[in-house]
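# Chains, contacts and geometry: an overview
Residues per chain are reported as follows:
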Amino acid sequence: MDKILVTTALPYANGPIHLGHLAGCYLPADVYVRYQRLRKRNCIHIGGTDENGVPITIKAEQEGKTPREIVDYYHKTIKESFAKFGIKFDNFSRTSIPLHYKTSQDFFLNLHGKGYIVPKIQKQFFCPRCQRFLPDRYVEGTCPYCGSEGARGDQCDECGKWLEPLDLKNPRCKLCGSTPVYRKTKQWFFRLDLLEPRLKEWLVSKRDWKENVRSFTLGWIKQGLKPRAITRDISWGIPVPLPEANGKVLYVWFDNVIGYISSTKEWAQKLGEPEKWRDYWFSQDTRLVHFIGKDNIVFHAINWPAMLMAHGEFILPSQIPANEFLTIEAKQMSTSRNWAIWLDDYLDRFPPDPLRYVLASNAPERSDSNFTWDGYRMKTNNELVGTFGNLVNRTLQFINSYMGGKIPEKSSLQAADMEVLNKINEKKKEVGDAYENFSPKRATEKFMELAREGNRYFDYSKPWELRKNDRERLSTVIWLATSLIANLGVMAEPVIPFTAEKIKNFLGIKHWEWDDVVGEIINQGAQLGKTEILFKPVSRGKIVLERRKMMGNIIRFSEFEALDLRIAEIKGAERIEGTDKLIKLLVDTGGDTRDLVAGIGNVYEPEELIGKKIVVLLNLEPKKIRGVESRGMLLAAVHDGKPVLLTVDADVPPGCVVS
RNA sequence: CGUGGGGUAGAGCAGUGGUAGCUCGUCAGGCCCAUAACCUGAAGGUCGCGGGUUCGAAUCCCGCCCCCACAACCA
């Protein structure tokens, strides 16, 4: 039987997890794994934290802690927030454990023994003022290829060329700005160049890879591969296992990926079958799938397969479904500018499933995608609450209210019923294909279509009428609606597992799986478990708070000045028909007279409004509400959910500027 | 200068040769089982611009314009 080994990029243990990590890597992986499990396939999810390297030592220095304290803290928080969010790992390891040290060192020695790793005395930059060798990215200078000023030691961002620090002209230490000096030091290099032909051939054969991954990789390798240093002169990391390499450690990109192997080993040990990891890594019938973000493509599609090829015993990746990036409110995420939504912070106030759903349905699969709080609210309220949750609720409520809380038994099926059954099967196929092809986005779309189908069936069948005149037909209709819900639960489980679990309990189903026959998934006559509302609507106010929080509470004066606030006099007021609290106001703003729509009818009567001087925001974008174009907004204090109009302390003419 | 991605209805997106689609929003109607939720219908796009290939192009080719990422330890 085929095995699937899923890995997710090891998050660097110097900060918490944010939405970008989830959308690009961990959620798609978790969805994929959960789907495979539902299909009873042998699939394990391996991960862990990356805990070596310079940035962690710098973070430790900044916070006056030891690197050990830093990685311990972040390993714990990352692990916890994944667990709370429902990202399930079979093993979540860390690269600072002895097992990983040994695995990495063995790997190094293996390649070294085969001549793929060679030493080279190298002149490397040493900053006399900082008293340290400078990592590649901490050296800046002029790019030798394109002449750009701000090139880093590892790569020029202007022309995209991969560089060695010594290539740079006019080098500077990025930490202190002083000119570094050359110092001789011995480093070990991985002969990527030797693997280039094989690598190229292998990559070209990967026609089923996502286009973004494939084209990026092939473009990269066209530049040609050079030996790449894999050791460094720092103290925090895995010692190079050679007697002459005292004080050197493995460079993180080399040991990080090996973490997938050591984490699998750890998993096997914990299982009490320490050799079991070999079933995966040494077996040609294992599909090795690496979920990563797009910034990791080169390491996983070039360096890592090259390492595996050089070693020779391990299988090679069969899929690398890298996603693009997720922006927040159309702006690139940035930790330093604090433009990010942190998972643990989100989970303090919101449940996991709505975010899982929103991120899955808006996943950056082919191009960057954008997360907005308003979009989050819309999707939650319209799709999860309105369509999905409501279908479940209206059906189960019906059973509870009118059918004694027991799942009814079907009798003969009509054409409409058969159509629905076919629809379920059809959607199941489509949703399954979507999961299989790494598209949770498409999967959510398809299972939501089924939920709509369910609502339609419910409406057309009119069970509230059948209840009075055709109990037999009623039973069949509700049976089918309930079956649909159960199947919907199965299909949606990879994306919204907490919700699926609830549905399972509502229906008294102990166990379900993908291949359950559509019409037989529920037990006729079974008593419903305790039911509850699946999703709560997200209020506008809650979203406003989140956005404010993220943008910070300070605005520029110019931003305030952009608001055209004026005094206006109410000339006319009338209720808008068919609404509870909307009032159409005619106001004199000094310059013109215009309509405003205000939701104050629950507190004010139109008559009492006339003649009042109020504060109005004039340059708000016009909005059509119930057929009336509202050109501006009146300001009111809101107390206990009720508006109180802002007025002026002395009589001033309409049009008077508020500042 | 380069690399990668993108420009399709008010918004967010799907659609790789054959009458332009989805969700939301807007407008109108229906229903009352359900979390003011559900269902139906309508309006709304010269598919970034200009050429070309083709019986036929959002979709293929050429040229151009615009946006984003590739810096601050951000997947």
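These numbers were taken from a predicted model, which means no experiment stands behind them.

About the criteria used
- Sequence order as written defines residue numbering, which begins from 1 separately in each chain.
- To label them, take the chains in the order written and letter them from A, then take the ligands in the order written and number them from 1.
- Two thresholds apply to this predicted model, a pLDDT of at least 70 for residue-level local features and 80 or more for giving and counting side-chain atom pairs, whereas whole-chain, interface and lining totals are computed over all residues.
- Values shown for side chains rest on all heavy atoms present in the structure; no hydrogens or waters enter the calculation.
- Helical segments are the DSSP runs of H or I of at least four residues, strand segments are the runs of E of at least two, and each set is numbered from the N terminus.
- Working definition: with a 1.4 Å probe on protein chains only, accessible area under 20% of the residue-type maximum means buried, over 50% means exposed, and in between means partly exposed.
- Residue contacts are counted whenever heavy atoms from the two residues lie within 4.5 Å of one another.
- Under the convention used here, a 1.4 Å probe and the Shrake-Rupley method define accessible areas, while residue burial counts only the protein chains that appear.
- Positive charges come from Lys and Arg, negative ones from Asp and Glu, while His and the chain ends are left out of the count.
- A single reference atom marks each charge: NZ on Lys, CZ on Arg, CG on Asp, CD on Glu.
- What makes a nonpolar core is a set of buried Ala, Val, Leu, Ile, Met, Phe, Trp, Tyr and Cys residues whose side-chain atoms join them at distances within 4.5 Å.
- To count as a disulfide, a pair of cysteine sulfur atoms needs to be within 2.5 Å.
- One bridge is not enough; two strands pair if DSSP finds at least two bridges between them.
- Polar contacts, as counted here, are pairs of nitrogen or oxygen atoms within 3.5 Å of one another; within protein the pair requires one atom able to donate a hydrogen and one able to accept it, and residues that are adjacent in sequence qualify only if both atoms are side-chain atoms.

## Thoughts on the overall build of chain A
Looking only at helices and strands, chain A has 20 helices and 24 strands in total. Once the C-alpha set of chain A is aligned to its principal axes, its extents read approximately 90 × 75 × 40 Å. The proportion of buried residues among the 659 residues of chain A is 54%. Here the contacts in chain A between residues at least 6 apart in sequence split such that 73% fall between residues at least 24 apart. Per element, the accessible surface of chain A, about 30100 Å² overall, is 49% carbon and sulfur. Positive and negative side-chain charges of chain A, numbering 95 and 84 respectively, have mean locations separated by a distance of 3 Å.

## Quick word on the nonpolar core
Soluble, globular proteins show a tendency: their nonpolar side chains are buried together. Ranked by internal contacts, the top residues of the largest apolar core, which has 162 residues, are F190, F254, W281, F371, F388 and F447. Per-element accounting of this core gives the leading share, 13 residues, to helix α16 (residues 471–492). If we ignore the near neighbours within four places in the chain, the residues touching F371 are L19, L326, T327, I328, E329, I341, L355, V358, L359, N362 and Y376. Core analysis: the next-biggest nonpolar cluster, separate from the first, contains 16 residues, A573, V587, I600 and L645 among them.

## Digging into the state of the cysteines
Within the structure shown, the criterion is met by 0 disulfides. The thiol sulfur of C25 is not disulfide-bonded, and the nearest other cysteine sulfur, from C43, lies at 14 Å. Taking relative accessible area as the criterion, C25 reaches 4% and is therefore assigned buried. On the accessibility criterion, C43 (3% relative accessible area) is buried.

## A look at the sheet that holds strand β18 (residues 593–598)
Strand order in the open sheet made by the 5 strands is β18-β17-β16-β19-β22, with antiparallel pairing throughout. Every interior strand has two partners, whereas the edge strands, β18 and β22 (633–634), have only one. By the bridge criterion, 5 bridges tie strand β16 (residues 565–575) to strand β19 (residues 613–617) in an arrangement that is antiparallel. Residue pairing across strands places R566 opposite V616, the latter belonging to β19.

## Considerations on the side chain of E324
In this structure, E324 sits in the loop between α9 (297–311) and β14 (326–328). A polar atom in the side chain of E324 sits 3.0 Å from the side chain of K294. Once residues within four sequence positions are removed from consideration, E324 is found in contact with G24, N212, K294, P364, R366, S367 and D368.

None of this, on its own, says anything about what the molecule does.
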